[in-house]
Amino acid sequence: MITGNDTIVAPATAIGGALAVIRMSGPRAFALCDGLFRGSRRISDAAGYTLLYGTLSDGVRTLDDVMVAVFRAPHSYTGEDSVEISCHGSRYIVSEILRLLTENGARMAAPGEFTSRAFMAGKLDLSQAEAVADLIASGSRSAHALATNQMRGGYSADLETLRGELLRLVSLLELELDFGEEEVEFADRTELRRTMERIDTKIGALLDSFKLGNAIKEGIPVAIVGRPNVGKSTLLNRLLNEERALVSEIPGTTRDVIEASITLDGITYRFIDTAGLRVTDDTVERMGIERAYDSIARAQIIIQVVEAGGEMPETIPVRTDQRYLLVVNKIDRIGQGGQQAVPSGGCIPLSAREGSGMEGLLAALQEAVDTSRLDSGETVVSNSRHYAALHEAREALRRALAGLGHLPTDLLSEEIRQVVHHLGTITGEITNDEVLGQIFSKFCIGK
Ligand code: GDP
């Protein structure tokens, strides 16, 4: 974990656009910028939240026309004096500015170092800092909503309330300890049990929300299974094409970057093991079964494809936490032979080749994901580190609950302290350098 009060600098934008932003933060940010800046005023004299126009020069030649945004401590992202230099988006200009600033005493920032400084300065808690990275990575409306909610601190407030209640219980229990032999009971055990059970339910709800949160962040895993030749690949291509048709209006969208995933109404569906769909039927015969079962196990939604008028579908194992959709493909063939029928009830008839009936499948996919928690603004856990901490917290809480009748007060309060501890690791009340280092190293440079 890098900390310190040196001045850090980094490009905050990817090269390739018309403009680039270089960010610098630390006690010498203004002085270092003044060393290169030529304008009507010095950066050091400017008020916070002002924008200065001028040029950057290395003393011999003018490098570029720039705008410098000035942020004065503590009113900046990091809480330190900071500047954001907007220059032209040339790789050369950016690297020259960085070279000049670092030669004069700034240091290149480590990934996430601006945000880690913001955390250290108490500008955000750890879960909010993590949400910043999620926000940058968000690729759908729902992932954006999740990250935004967490960044605005909705999550932190919930956890603080829980911790506050637990700390109150612990202090009552510890007061009893202070009275030693006197057998006083400040913490009414019935009330204690009730409060702990209520907190257990709350933690349980947060843990449950992870399935949705994680699915939103990573995309909902969908498996398409069925016998060879029923039209699985054709169906997948049709699904991807529906999506491409939707996004083709957006300039700069290239087919190459589209993976086997689609986004419907803000939720991303990720088709797993799609490479397996494309292998030849021979290969499917040889290795398909096991692989299909593996993708069924990993999926949250299973689409089983059968042919209209074909054989009865084989039974596949579906867990209660998975959604199962039965697609009857090739309905365009009905009528040609006259006697082929579409099985009725609970299935989705369509023709993957001709595209008819696809709306039924799209609606079923959307309906298979319950986003009501997200829509109603409830806290949804999407970070696996938080999930693990909540899990630990619940284990400790359950130990405390189980020992309520017979555990000595000191051990009981120790278990509750463990719950407080694990909840505190989420927001960073309790943390260590190793954890912080791991979290911030996953950030991009310049954030
Ligand atoms: P997979 O082995 O399950 O992936 O099946 P494919 O997608 O490769 O399709 C097998 C064959 O069925 C191909 O010849 C497709 O053109 C054909 N097919 C797929 N969907 C339809 C459909 O909706 N109607 C008709 N008539 N043929 C289809």
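Q: Please clarify how the site of the ligand should be interpreted in this entry.
A: Neighbouring the ligand are 16 residues, the closest being Asn229, Lys232, Ser233, Thr234 and Asp332. Side-chain polar atom of Lys232 to an oxygen atom of the ligand: 2.8 Å apart, as the coordinates give it. Between the ligand and Ser233, the relevant distance is 2.8 Å, taken from an oxygen atom to a side-chain nitrogen or oxygen of the residue. Here the shell around the ligand takes 3 residues from helix H8 (residues 232-247), the largest share from any one element. A per-class count over the shell around the ligand returns 3 nonpolar, 6 polar and 7 charged.

Q: Looking at this structure, how should I read the pattern of salt bridges?
A: Under the defined criterion, the tally for this structure stands at 30 salt bridges. Among the charged side chains, a network of salt bridges with common partners joins Asp6, Glu80, Arg107, Glu113 and Arg117.

Q: What should I look at first to understand the packing of helix H7 (residues 189-218) against helix H13 (residues 384-402) in this one?
A: Helix-helix packing is described using two parameters, namely the angle between the two axes and the distance between the axes. Two elements in contact, H7 and H13, have axes separated by 10 Å at closest approach and are oriented at 155 degrees. Put simply, H7 runs roughly antiparallel to H13. As for how H7 packs across H13, the hand of that crossing is left-handed. Residues Arg193, Met196, Glu197, Ile199, Asp200, Ile203, Gly204, Leu206, Leu207 and Phe210 of H7 form the contact with H13, whose own contacting residues are Ser384, Tyr387, Leu390, His391, Ala393, Arg394, Leu397, Arg398, Ala400 and Leu401.

Q: When you look at the confidence of the model for the protein in this model, what are you seeing that I'm missing?
A: Close reading of the predicted structure is inappropriate where its pLDDT is low. In the predicted model, the protein carries a mean pLDDT of 86, and the fraction of residues at 70 or more is 87%. Below pLDDT 50 for its whole length, residues 245-258 participates in 5 contacts with residues either more than four positions away or in separate chains. Across residues 278-287, where pLDDT falls below 50, the model places 10 contacts with residues more than four positions away in sequence or in other chains.

Q: Just to check I follow, could you spell out the nonpolar core for this structure?
A: Nonpolar side chains in soluble globular proteins tend to end up buried together. Residues Leu235, Leu239, Tyr269, Ile301, Ile303, Leu361 and Leu365 are the most contacted members of the largest nonpolar core, which totals 36 residues. With 5 residues, helix H11 (residues 358-367) is the largest single contributor of residues to this core. The contact partners of Tyr269, leaving out residues within four places of it in the chain, are Ile220, Val222, Ala260, Ser261, Ile262, Leu264, Ile301, Leu365, Gln366 and Val369. Counting residues in each nonpolar core, the second largest holds 30 residues, with Leu162, Leu169, Ala187 and Leu397 among its members.

Q: Just to check I follow, could you spell out the side chain of Asp34 for this structure?
A: By the secondary structure assignment, Asp34 is in helix H1 (residues 29-36). Look at Asp34: it is buried, it has no salt bridge, and the nearest opposite charge is Arg42 at 4.1 Å. With near-sequence residues (within four places) excluded, Asp34 lies in contact with Arg42, Ile43 and Ser44.

Q: Explanation requested: the sheet that holds strand E2 (residues 19-25) in the structure shown.
A: With mixed pairing, the 7 strands of this open sheet are ordered in space as E3-E4-E5-E6-E2-E1-E7. Both outer strands of the open sheet, strand E3 (37-39) and strand E7 (107-108), are each paired with one neighbouring strand and no more. Here strand E1 (residues 8-11) pairs with E7 via 2 bridges, running parallel. Residue Val9 lies in a different strand from E7, and its bridge partner there is Met108. Where H1 meets the sheet, it contacts E2, E3, strand E4 (50-57), strand E5 (62-71) and strand E6 (82-88), and its direction lies at approximately 70 degrees from that of E3. The strands that helix H3 (residues 113-120) touches are E1, E2 and E7; relative to E1, the one it contacts most, it runs at about 135 degrees.

Q: Sorry, what's going on with the pairing of E5 here?
A: The side chains of a regular strand alternate, first on one face of the sheet and then on the other. As judged from the 8 bridges shared by E4 and E5, these two strands associate in the antiparallel manner. The residue of E5 that forms the bridge with Gly54 is Val66. Following E4, the chain reverses through 4 residues before pairing antiparallel with E5; Gly59 in that reversal takes a positive phi of roughly 100 degrees. Bridge count between E5 and E6: 5 bridges; the pairing is antiparallel. Note on E6: the bridge partner recorded for Met67 is Ser86.

Q: What should I look at first to understand the sheet that holds strand E9 (residues 261-264) in this one?
A: Backbone hydrogen bonds hold the strands of a sheet together, and the pairing may be parallel or antiparallel. A sheet is described by the order of its strands in space; here 6 strands give the open sequence E9-E10-E8-E11-E12-E13, paired in mixed fashion. The open sheet has two edge strands, E9 and strand E13 (347-349), and neither has a second partner. Across the sheet, the axes of successive neighbouring strands diverge by a mean angle of 30 degrees, strand direction being ignored. Of the strand pairs in this sheet, strand E8 (residues 220-225) and strand E11 (residues 301-307) are connected by 4 bridges, and their pairing is parallel. When the sheet's bridge partners are listed, Ala223 is paired in E11 with Ile302. Sitting on the sheet, H11 is in contact with E9, strand E10 (267-271), E11, strand E12 (323-329) and E13, with an inclination near 175 degrees to E12.

Q: Sorry if this is basic, but what is going on with the packing of aromatic side chains here?
A: The geometry of an aromatic ring pair is captured by two quantities: the separation of the ring centres and the angle between the planes. Under the definition given, this model contains 4 aromatic pairs. Residues Tyr49 and Phe71 carry aromatic rings whose centres are separated by 6.2 Å and whose planes lie at 85 degrees to one another, so their mutual orientation is edge-to-face. In this pair, Tyr49 is assigned in the loop between E3 and E4 and Phe71 in strand E5, connecting sequence segments 22 residues apart. Relative accessible area serves as the criterion here: at 61%, Tyr49 is assigned to the exposed category. Pairing Phe119 with Phe440 gives two aromatic rings, centres 6.4 Å apart and planes at 40 degrees, and the pair type is tilted. Here the residue Phe119 occupies a position in helix H3, and Phe440 occupies one in helix H15 (residues 433-441), the gap between them amounting to 321 residues. For the residue pair Phe119 and Phe440, the accessibility class agrees, reading buried in each case. Geometry around Phe114 places Arg23 over its ring, the cationic atom sitting 5.2 Å from the centre. The side chain of Lys447 reaches across the aromatic face of Tyr77, ending 4.3 Å from its centre.

About the thresholds
Residues numbered from 1 in each chain as written. Predicted model: local features only at pLDDT ≥ 70, side-chain atom pairs only at ≥ 80, totals over all residues. Heavy atoms only, no water. Near = heavy atom within 4 Å. Polar contact = N/O pair within 3.5 Å; in protein donor to acceptor, adjacent residues only side chain to side chain. Helix = DSSP H or I, 4+ residues; strand = E, 2+ residues; numbered from the N terminus. Nonpolar A, V, L, I, M, F, W, Y, C, P; charged D, E, K, R; others polar. Salt bridge = Lys/Arg side-chain N within 4 Å of Asp/Glu carboxyl O. Axes fitted to C-alpha atoms, helices over the stretch in contact; angles between N-to-C directions. Parallel < 35°, antiparallel > 145°, perpendicular 65-115°, else oblique. Left-handed = near helix turned anticlockwise from the far one by under 90°. Contact = heavy atoms within 4.5 Å. pLDDT = per-residue confidence, 0-100. Core = buried A, V, L, I, M, F, W, Y, C linked by side-chain atoms within 4.5 Å. Buried < 20%, exposed > 50% of the residue type's maximum accessible area, 1.4 Å probe, protein only. Lys, Arg positive; Asp, Glu negative; His and termini not counted. Pairing = 2+ DSSP bridges. Phe/Tyr/Trp six-rings, centres within 6.5 Å; stacked < 30°, edge-to-face > 60°. Lys NZ or Arg CZ within 6 Å of the ring centre and 35° of its normal.

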